[in-house]
Amino acid sequence: MKKRRWLSAVLLIVGLTLAILGALWFLMLESPRAVYVIEAETKDFPREVVGLGQVGPRRVVLAFGQQGSVAEVLVRPGDGVSQGQLLARLDDTNLRKRLEVAESRLELARLDARQSAERLRNQMAMLESDLERARAELEVQRKLLEAGAASAAQVEQARQRVALLEERLAATRKSLEVDQQTRRARIEALETDVAAAKEALVESRLVAPEAGVVEVVTLVRGQGASGSVVLRLPGLPVLEARFSVADGSELRPGQPARLVFETWPPVELATAVAAVLPPEPGADWTTAQFEDVAGVPEVNTQFTAQVTVQVLPRAVVVPHLALVEEEGETFVWVVHLRRARLAPVRVIARNPDEVAVTGLKAGTTVLSRPPSDLQEGERLRPIEDSGD
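Residues numbered from 1 in each chain as written. Predicted model: local features only at pLDDT ≥ 70, side-chain atom pairs only at ≥ 80, totals over all residues. Heavy atoms only, no water.

A. Representation of the overall build of the protein chain in the model. Scanning the protein chain for helices and strands turns up four helices and 19 strands. A globule of 388 residues ought to have a C-alpha radius of gyration of about 21 Å, yet the protein chain, at 44 Å, is considerably larger. Judged by the C-alpha coordinates and their principal axes, the protein chain covers about 170 × 65 × 45 Å. By the burial criterion, 34% of the 388 residues in the protein chain qualify as buried. In the protein chain, 75% of the contacts between residues at least 6 apart in sequence involve partners at least 24 apart. By element, 53% of the accessible surface of the protein chain is carried by carbon and sulfur atoms, the whole surface being about 24000 Å². The centroid of the 48 positive side-chain charges in the protein chain is displaced by 6 Å from the centroid of its 54 negative side-chain charges. (Helix = DSSP H or I, 4+ residues; strand = E, 2+ residues; numbered from the N terminus. Rg over C-alpha atoms; globule rule 2.2 N^0.38 Å. Buried < 20%, exposed > 50% of the residue type's maximum accessible area, 1.4 Å probe, protein only. Contact = heavy atoms within 4.5 Å. Areas by Shrake-Rupley, 256 points an atom, 1.4 Å probe, with all protein chains shown as cover. Lys, Arg positive; Asp, Glu negative; His and termini not counted. Charge placed at Lys NZ, Arg CZ, Asp CG, Glu CD.)

Here it is, written out as structure tokens:
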């Protein structure tokens, strides 16, 4: 019995020893795979949308400056137009009534101002005449008093009349001043109303600022004034790119942009969004124009436009090539105890070279260019990726 126990212990020790030696031998035979790595960093990440464009002719978007119903559309795509030509107009019935009422009120206010001023000036003239006679009468009474032909009471009565007329004249002069100021302010307000009514009437008419060719018309007779007319104009070329409807909905004038032209060597220029054109009926893209910059290649040169539509503060960023997609999920390979491990992440923004993700801590060692046949738990020999 004791011999059997001793034999079992020896066999157990031998088995454990062989297992340990086998594991050590396997580890010695398993050579680590060299992989490029980079640390996930935290930084302000500019989220960009990308469009394709080319250097083309100038375009201008013409739209009504107010709401209303479209009464008439006078052009169609392909029509040539001259400078100042009427393209479309709104129903201006109410606008004309508004202008007529404003002009009538202004004319009435001007007439009332003239009549009021004339009435007060006539009162002043009468008071000045009465005051002149009263002062002459006062002087006569003073001389009569000196000659003993008048009493002091008569002189005092004449003096009081002069003082009363002087007070009335001063009050009337003040009334004229206040009345003119009040009526002038009223007239200026009505003049503003007339100018606004005239401006509204002008804005109810869409005219061509220059000669050109109609490209897009989204105005419809009998509908609201939310549409527009797009004219292609002669002259210097413009920078124009197309974006998907989803990306185009995020475009706004003033957003910074980088344009990379397909020339040799490639030309890259910094600019900004100048305008976002309305999509053509049935089109699945949005067109954006960019501000003029020096160094633009010749017309018809194609380019890639990268527009920054948002900046994500302190986002965790990894290279775009680090992403691995499997069965609809997104992962990155990370180094854990010098072995490969898949870490799930969620992409919140993409750029051509980098992505912003959640689910990953800054400073994590990430495989920047993971091999396609990498296995979970495989030993690694990390090499810092210099980007070459």
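From this point, things continue past the structure.
B. Region of interest: the environment of Glu 107. With respect to the element layout, Glu 107 can be found in helix H2 (residues 93-147). Between the C-alpha atoms of Glu 107 and Ile 187, which are 80 residues apart in sequence, the distance is 8.8 Å.

C. How the structure looks around unusual backbone geometry. The linkage connecting Trp 264 with the following residue, Pro 265, adopts the cis geometry, with an omega of -5 degrees. Structurally, the position occupied by Pro 265 is in the loop between strand E9 (256-261) and strand E10 (267-277). If you check the backbone angles, Leu 337 has positive phi at about 55 degrees while not being a glycine. Relative to the helices and strands, Leu 337 is located in the loop between strand E14 (329-336) and strand E15 (339-344).

D. Inspection of the packing of H2 against helix H3 (residues 152-203) at higher detail. Packing of H2 against H3 leaves a shortest axis separation of 8 Å and a crossing angle of 165 degrees. Taken together, H2 and H3 sit at an angle that is classed as roughly antiparallel. Here H2 and H3 pass one another in a crossing that is left-handed. Each residue belonging to the contact of H2 with H3 can be placed in one class, and the counts come to 28 nonpolar, seven polar and 22 charged. (Axes fitted to C-alpha atoms, helices over the stretch in contact; angles between N-to-C directions. Parallel < 35°, antiparallel > 145°, perpendicular 65-115°, else oblique. Left-handed = near helix turned anticlockwise from the far one by under 90°. Nonpolar A, V, L, I, M, F, W, Y, C, P; charged D, E, K, R; others polar.)

E. Region of the structure containing the sheet that holds strand E6 (residues 205-207). With antiparallel pairing, three strands are arranged side by side in an open sheet as E3-E5-E6. A single partner strand is all that each edge strand has here, and the edge strands are strand E3 (70-73) and E6. Taken over all neighbouring pairs, the strand axes of this sheet differ in orientation by 15 degrees on average, direction set aside. Of the pairings in the sheet, the one linking strand E5 (residues 86-90) to E6 comprises three bridges and is antiparallel in character. When the sheet's bridge partners are listed, Arg 89 is paired in E6 with Arg 205. (Pairing = 2+ DSSP bridges.)

F. Representation of the side chain of Thr 330 in the model. Among the structural elements, Thr 330 can be located in strand E14. Contact partners of Thr 330, with chain neighbours within four places excluded, come to Leu 323, Val 324, Glu 325, Ala 343, Pro 344, Val 345 and Val 347.

G. Representation of the pairing of strand E12 (residues 302-319). Here strand E2 (residues 41-62) pairs with E12 via 13 bridges, running antiparallel. Each bridged residue has a counterpart across the sheet, and for Val 49 the counterpart in E12 is Val 307. Across five bridges, the pairing between E9 and E12 is antiparallel. Bridge pairing links Ala 257 to Val 307 in E12. Here four bridges tie E12 to strand E17 (residues 354-358), and the two strands are oriented antiparallel to one another. Each residue of the ladder has a partner; that of Val 317, found in E17, is Ala 356.

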